[in-house]
Amino acid sequence: MPTSTSSMLIDIPLDIRPVSTGILVLLAIAIYLLYKLGQLFLKPVRTTPLAGPPSPSWLFGIREASGNSNDAVALYEAWADQYGAVYRVPAAFGSTRVILTDPKAIAHFYSLETFTYVHTKLYRVAIEHMFGRGLLWAEGESHKRQRKAISPAFSNVAIRRLTSVFYDSVYKLKTNWDNQLVSTDSIVVDVQKWMNHISLDSIGIAGFSHDFGSLEGNYSSVADVFDRMGHLKPSPITAAAIMFGHVFPFLWHLPTPMRRMQKKLNKSMEEIANVVLENARREMTGIGEKGREENSIIGLLIKAEDTDSSLRMTQEEIMAQMNVLILAGYETTSISLTWALIELCRQPEKQARLREELKEQFPNSDPTWEQLTNGASLHYLDAVVHEILRLHPPLTITDRMAAKSDIIPLSEPVHLPNGQLADHVAIAAGQLVTVPIACINTSSALWGADAKQFRPERWLTDEGIPKKAQEVQGHRHLLTFVDGPRMCLGRGFALAEFKAVLGVLIKNYTFELPNGPETTIEYTMGVLPRPRVAGEEGACVPMRVRRVDP
C-alpha cells in the first residue's frame, strides 16, 4: 500500500513535534558546550611565555645560572630587575627553568611541595645514591608518613635534652686550644676543620648515640669521607651529570671519585646504624644496658614506631634518615659556624660587641636552652646568627619539577614579552621551577640597599626588616630553612647548636684572618659549597686565635 509524507506525519501527534525539536536543539547545544568546555579544561596547560635572557646555547643553556657562586646570585637578581619577579632562564637541551623571586609565588610554590612540585629526576637519583630513600628523597604520602614519624624527635623537649651535647663538644675544643696556648700568645688553626669536628661529634652523639671522637684526634671514616669530598675536583662525568642529569639521570650511576666516596660513606653509616638499631631495640624489650636510656634522635624515632605502627619505617628508611642527619648536622652547621667566624673577623668591632654581650650576660656560666632559644638576654647573638643564615645559606637554591599543571599567583604583575600584564603564571606539567634562595635572602629589592652587607643590627628592631622582606614566608622571613612541607625539621636543633658553640668560642677567644679583614674568601665545592681562604688547598680557613683575658 503506497505511503505519502502526509500520511506518515499523521502517526506523530502534532502537539509534541515542536517540543521534540526544541529538546533536540537544546541537547545539541549542551553537547557542543560540553565539548568546548572539555577542550578548554582537558587541553594540556602550557607554561606562560615569560620574558628572560636569550639562550647562548641550545645544548647547555646558561651554565652560569646553575652554579652556587656569588656570580649566579648576582645574575638572578639582575634578571629579576630586568625581566620581572618571575622569568624564564634557558637550560640544557632547549628546556627552560621558571625562576620565582616574587614572595607570593614562592609561598604558593613551597606550599605544594612533594605533591605538585617534586624533585627532578636528577635529584631523585642523586639523593637516593647518597642518602637512600628517606625523608629527603620521599614525595607525597610517603613524605607525610616519614615526616610525621620523625617530628617528635625534633620537639622542644627532645632538643632541650640534647643541648648539653653541644656544650660538651665545644668545651673539648676549648681544652685542646687552651693546651696549645699555654706556652704561646696565639695559635693558627684551620677553624673550618675544627667546626667540622664539633659538628660531627655533636650529631654523632645527639643523632644516634655514637661518639666519633674526632675532637680527641680519633680517626673517623665518616669525617675522612667528608674531608676528601672537600678536596675532590669535579670530573667531566660529574660535570655532565649536573648539567644534563635532569634529561639523562643515568649519568649519576656512572663511576666517579665522588660516587666512590658516597659508597664509602654509606658503608660507614651502615655499620653505625646497626649498633644504634640494636641498642634501641634491646632497650625497648627490657634487655638494654641498665640505667641507660636511648635519647638520640634516631633512638626516639625507633621507640616511637613501637607505639604507632602506622609510623613504622623500614630499616632502609631509618638508614636514610641517619645519612640525612649527618649531612644536616655536619655539613650545614660547620659551614654556618665557619662563615660566622669569617664575618666577625672582617668586622672586629662586631666581634667585640658580641663578646661584650656574652661576658656581661653570662660571665661565669653558659646560657640554657631556653635562654638560647628565646634570645631574651642575648639579642646580639641571635642577630649575628640570623644574619649569617641570611647572607650564607648552606643550600642556595631549590630546583623542582611540576608533577602536574598549576597556576601560580603573583603579588605584583609581570610584563610578558607580548606587552601584556599577568597577575598569575601558568605552569605546565614537567616544567622546571627554581627558587634562588641565596638571591631572595640578599635581594636589594627585598632587603634594601645594604642587603649584601653583614649587618646584624638589622635584626634588633622591628623596623630593621623592610616591609617587602616581611612578605617572604619561612623562618624569620628567610628561605634558609625553606618553607612548606619540606621546611627543615631540625631548625631548632641547628639554631641551638649554632648559638651554643659560637657563644663559647667568642666569649673565650679572639679570631683574626691571616691577612686581616681584607683577606680574600672564595668558594670551594664539597658536598655543599664551602668557604676557603684564597690560595689554600681544599676547604681551609686558617685563623689566628688568642685567648680572651678573664
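The structure we're discussing is the one just above.
Cut-off values and rules
- Residues numbered from 1 in each chain as written.
- Predicted model: local features only at pLDDT ≥ 70, side-chain atom pairs only at ≥ 80, totals over all residues.
- Heavy atoms only, no water.
- Helix = DSSP H or I, 4+ residues; strand = E, 2+ residues; numbered from the N terminus.
- Buried < 20%, exposed > 50% of the residue type's maximum accessible area, 1.4 Å probe, protein only.
- Contact = heavy atoms within 4.5 Å.
- Areas by Shrake-Rupley, 256 points an atom, 1.4 Å probe, with all protein chains shown as cover.
- Pairing = 2+ DSSP bridges.
- Axes fitted to C-alpha atoms, helices over the stretch in contact; angles between N-to-C directions.
- Phe/Tyr/Trp six-rings, centres within 6.5 Å; stacked < 30°, edge-to-face > 60°.
- Core = buried A, V, L, I, M, F, W, Y, C linked by side-chain atoms within 4.5 Å.
- Expected span 1.5 Å × (residues − 1).
- Salt bridge = Lys/Arg side-chain N within 4 Å of Asp/Glu carboxyl O.
- Parallel < 35°, antiparallel > 145°, perpendicular 65-115°, else oblique.
- Nonpolar A, V, L, I, M, F, W, Y, C, P; charged D, E, K, R; others polar.

Caption draft 1: Local environment of the overall build of the protein chain. When helices and strands are tallied, the protein chain shows 19 helices and 12 strands. The proportion of buried residues among the 550 residues of the protein chain is 53%. Long-range pairs, those at least 24 residues apart, make up 72% of the contacts in the protein chain between residues at least 6 apart in sequence. Here the protein chain displays about 25,800 Å² of accessible surface, and carbon together with sulfur accounts for 57% of that area.

Caption draft 2: Spatial organisation of the sheet that holds strand S9 (residues 509-512). On the basis of which strands lie adjacent, the open sheet formed by three strands has the order S4-S12-S9 and antiparallel pairing. Looking at which strands have only one partner, the edges of the open sheet turn out to be strand S4 (186-190) and S9. The mean inter-strand angle of the sheet, taken between neighbouring strand axes irrespective of direction, is 35°. One ladder, built from four bridges, connects S9 with strand S12 (residues 542-547); its direction is antiparallel. Note on S12: the bridge partner recorded for Tyr509 is Arg547. Sheet strands in contact with helix H8 (residues 191-208) are S4, S9 and S12, and its direction is about 70° off that of S4. Along the sheet, helix H19 (residues 491-508) contacts S9 and S12; its crossing angle with S9, the most-contacted strand, is approximately 90°.

Caption draft 3: Geometry of the packing of aromatic side chains. For the structure shown, the criterion picks out 13 aromatic pairs. Relative to Trp194, the ring of Trp177 has its centre 6.1 Å away and its plane inclined at 80°; by these criteria the two rings are edge-to-face. Residue Trp177 is located in helix H7 (residues 156-180), and its partner Trp194 is located in helix H8; the two are separated by 17 residues in the primary sequence. In this pair, the class of Trp177 matches that of Trp194, namely buried. Here a set of aromatic residues connected by ring pairs shows up, and it is made of Trp177, Trp194, Tyr509 and Phe511.

Caption draft 4: A look at the nonpolar core. Membership of the largest hydrophobic core comes to 136 residues, with the highest contact counts inside it found for Leu100, Trp177, Phe208, Leu502 and Phe511. By residue number, the principal contributor to this core is helix H13 (residues 315-346), which donates 16 residues. Sequence-distant contacts of Leu502, defined by excluding residues within four places in its chain, comprise Leu337, Ala340, Leu341, Leu344, Leu354, Leu381, Val384 and Val385. Judged by nonpolar contacts, the second largest core, of 14 residues, contains Ala51, Ile62, Ile99 and Cys439.

Caption draft 5: Here's a closer look at unusual backbone geometry. Despite not being glycine, Phe93 shows a phi value in the positive range, around 60°. By the secondary structure assignment, Phe93 is in the loop between strand S1 (86-90) and strand S2 (96-100). We note that His477 has phi near 65°; this positive angle belongs to a residue other than glycine. Its place among the elements puts His477 in the loop between helix H18 (444-447) and H19.

Caption draft 6: How the structure looks around the side chain of Asp178. Within the fold, Asp178 resides in helix H7. Classification of Asp178 as buried rests on a relative accessible area of 15%. Residues in contact with Asp178, not counting those within four places in the same chain, are Tyr509 and Arg547.

Caption draft 7: Representation of the side chain of Asp382. Structurally, the position occupied by Asp382 is in helix H16 (residues 379-391). For Asp382, a relative accessible area of 12% translates into the label buried. Every residue in contact with Asp382, bar those within four places of it in the chain, is listed here: Arg476 and Lys499.

Caption draft 8: Structural detail: H16. Taking 1.5 Å of rise per residue, the 13 residues of H16 would be expected to cover 18 Å, and the 18 Å separating its terminal C-alpha atoms lies within 8% of that figure. Most of H16 sits inside the fold, with 12 of its 13 residues counted as buried. Along H16, the residues that are buried comprise Tyr380, Leu381, Asp382, Ala383, Val384, Val385, His386, Glu387, Ile388, Leu389, Arg390 and Leu391. Looking at the buried positions of H16, the neighbouring elements they touch are H13, helix H14 (348-361), helix H15 (369-374), helix H17 (437-441), H18 and H19.

Caption draft 9: Geometry of helix H5 (residues 121-131). Listing the buried residues of H5 in full gives Leu122, Val125, Ala126, Ile127, His129, Met130 and Phe131. Immediately beyond the C-terminal end of H5, within one or two residues, lies Gly132, with a positive phi of roughly 95°.

Caption draft 10: Up close: the pairing of S12. Where S4 meets S12, five bridges bridge the pair, whose relative direction is antiparallel. Residue pairing for S12: Val189 is matched across the bridge by Met543.

Caption draft 11: Highlighting the sheet that holds S1. The five strands lie next to each other as S1-S2-S8-S5-S3, forming an open sheet whose pairing is mixed. At either margin of the open sheet sits one strand with a lone partner, and together these are S1 and strand S3 (117-118). Each of S1, S2 and strand S8 (432-435) is contacted by helix H3 (residues 70-83), which is oriented at about 125° to S1, the strand it contacts most.

Caption draft 12: Here's a closer look at the pattern of salt bridges. The final tally for this structure, using the stated rule, is 28 salt bridges. With a shortest N-O distance of 3.0 Å, Glu412 and Lys468 are connected by a salt bridge. Separated by 56 residues along the polypeptide, Glu412 in strand S6 (residues 406-415) and Lys468 in the loop between H18 and H19 bring together distant segments of the chain. Exposure remark for Glu412: the relative accessible area of 46% places this residue in the partly exposed category. The salt bridge involving Lys468 is made with Glu471; its shortest N-O contact spans 3.6 Å. Three or more residues joined by partner-sharing salt bridges are found here, namely Glu387, Arg390, Asp450, Arg455 and Arg458.

Caption draft 13: The pairing of S6, seen in detail. As defined by bridge partners, S6 adjoins strand S7 (residues 421-427) across six bridges and the pair is classed as antiparallel. Within S7, the position partnered with His415 by the bridge is Leu421. Linking S6 back to S7 in an antiparallel pair, the connection comprises five residues, with Gly419 at a positive phi of about 90°.

Caption draft 14: Spatial organisation of the packing of H13 against H14. One can describe the packing of H13 onto H14 by two numbers: an axis separation of 5 Å at closest approach and a directional angle of 115°. Considering their axes alone, H13 and H14 lie roughly perpendicular with respect to each other. On H14, the residues touching Leu344, Cys345 and Arg346 of H13 are Pro348, Lys350, Gln351 and Leu354. Looking at the contact of H13 with H14 residue by residue, the class counts come to four nonpolar, one polar and two charged.

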